[in-house]
Amino acid sequence: MADLLTVKNLSVHYKIQSGWVYAVDDVNFSLKPGETMGLVGESGCGKTTTGYAVTQLLANNAYLKADSKVIFDGKDLIKMGTYPSKNYPGYRKIDEFNADMRKYRWKRISMIFQGAMNAFNPVYKVGDQIIEAILAHEDMTEQEARKRVEELYDLVGIPKDRIDNYPHEYSGGMKQRAMIAMSMALNPDLIIADEPTTALDVVTQDRILGKMVELQKKENVAMILITHDVSVVAEMAHKMSVMYAGHLVEKGTAREIFKETAHPYTEALLKAFPSIKGEKKKLRAIPGSPPDLANPPKGCRFAPRCPYAKDICLEKEPPVVEISPGHFSKCHFAEELYGELSGGE
Ligand code: SF4
């Protein structure tokens, strides 16, 4: 099956007064129709920037390195939605009003925004906001769009008579489910879900994740699930990509990442989360903090916190090594450490 999405050499840097913030550097991954990829890492590691770069919903000061590619259904979205920067040669700037790109957002690629609790406009009824998104892309009457919203509410388990309520009349879980309904409104091929269940209690979280999997299977939608919570990925994702300080440090199937961990950062991240099935273990925080991305270290960005670091790690950026077919690790000692690191359950 052909890839639905291929992200190649994606680099996004933010221009700030004192220079550049190297938020995402040389990220590569792909996704087939109906597949879910978990994109995990600590806050500030570049996972949200990576997700938003796909639809180019980035801040005004974001610039993409000219060789970055986001190929969606055979079309390079970066070529389409950005233009060469005059001020910064070698970079491309986002054309935020690009009409072609607008046809892709919501219709082909939709988003579940981080903090769905506050994503709806408080002065408009929730249903009207979803109807507006449908009418902006589909040739439908308002009545037909409303019917579609009713069907979606049915799918996500919100009573139809709540369509005409304002956001403040919804509970947190209902707002989250309404956001999921909105993301499915135009039958997209890909959903980018940014921390879709953060701030919800575990029972509601479980219900909502279950609903997302159900809808995804029914509609064969691909999903990028951005989260810092590896247990959510364990439950939902086929593939997993681990980010650290703007680099993608390990990628493979979710099983490989959990059971055949091949990068020291992944090992540390998994040890910081409770095991779902295995014996109870003491959770271990990762010592230190991520580097300043305005001034990243020249060698491995994880070196100051890595228990396996050697001299070369401080001097030279590690290569990306294919440890087994489709399983990659960005580490000088990936081959030596493969099989030695402890993963999750
Ligand atoms: Fe640790 Fe060195 Fe591998 Fe970086 S390259 S993760 S510092 S062992």
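Each remark here, short or long, concerns the structure printed above.
The shown structure was predicted, so the numbers you read here are calculated from the model rather than taken from an experiment. Position numbers for residues start from 1 in each chain and track the written sequence from start to end. Given that this is a predicted model, residues contribute local features only at a pLDDT of at least 70 and side-chain atom pairs are listed and counted only at 80 or more, while totals for whole chains, interfaces and linings are drawn from all residues. For side-chain calculations, the full set of non-hydrogen atoms in the structure is used, while hydrogens and water are omitted.

A. Just the overall build of the protein, in detail. Tallying secondary structure elements over the protein gives twelve helices and 15 strands in all. All radius of gyration figures rest on C-alpha atoms, and the globule criterion is 2.2 Å times the number of residues raised to 0.38. Taking 20 Å as the expected radius of gyration for a compact globule of 345 residues, we find that the protein reaches 21 Å, a close match to that expectation. In terms of its C-alpha atoms, the protein occupies a principal-axis envelope of roughly 65 × 55 × 40 Å. Here the protein holds 345 residues, and the buried ones make up 52% of them. By the convention used here, residues are in contact when the closest approach between their heavy atoms is within 4.5 Å. Taking as baseline every contact in the protein between residues at least 6 positions apart, the subset at least 24 positions apart corresponds to 65%. Counting from the N terminus, the helices are DSSP H or I runs at least four residues long and the strands are E runs at least two residues long. When accessible area is computed with a 1.4 Å probe and restricted to protein chains, residues below 20% of their type maximum are described as buried, those above 50% as exposed, and intermediate ones as partly exposed.

B. Here's a closer look at the pairing of strand β3 (residues 36-40). Counting buried residues in β3 gives five out of five residues, a clear majority hidden from the surface. Here β3 shows a buried face lined by T36, G38 and V40 and a second buried face lined by M37 and L39. In this scheme, strands are said to pair when DSSP sees at least two bridges between them. With five bridges connecting them, β3 and strand β11 (residues 222-227) associate as parallel partners. Residue pairing for β11: L39 is matched across the bridge by I226. The sheet contact formed by β3 and strand β12 (residues 239-244) spans four bridges and is parallel. Paired with V40 across the two strands is V242, which belongs to β12.

C. Quick peek at the site of the ligand. Proximity criterion: a residue is near a molecule or strand once any of its heavy atoms comes within 4 Å of it. The environment of the ligand is made up of H263, P264, C300, A303, C306, Y308, A309, C313, P318, C331, H332 and F333. Ten residue types, Ala, Val, Leu, Ile, Met, Phe, Trp, Tyr, Cys and Pro, are classed as nonpolar, four, Asp, Glu, Lys and Arg, as charged, and the remainder, Gly among them, as polar. Here the shell around the ligand is built from residues that sort into ten nonpolar, two polar and no charged.

D. Spatial organisation of the side chain of R92. Among the secondary structure elements, R92 is positioned in strand β8 (residues 91-94). Here R92 is buried and forms no salt bridge, its nearest opposite-charge partner D76 lying at an N-O distance of 7.4 Å. Polar contacts involving the side chain of R92 include one to the side chain of T82, which spans 2.7 Å. Residues contacting R92, with those up to four places away along its chain left out, are Y63, L64, A66, I78, K79, T82, Y83, P84 and S85. Residues scored as positive are Lys and Arg, those scored as negative are Asp and Glu, and His as well as the terminal groups of each chain are ignored. What makes a salt bridge here is a side-chain nitrogen of Lys or Arg within 4 Å of a carboxyl oxygen of Asp or Glu, nothing more. Think of a polar contact as two N or O atoms within 3.5 Å of one another; within protein, one of them needs to be a possible hydrogen donor and the other a possible acceptor, and neighboring residues in sequence only count if both atoms come from side chains.

From the geometry alone we can't say anything about function, so treat these as descriptive.
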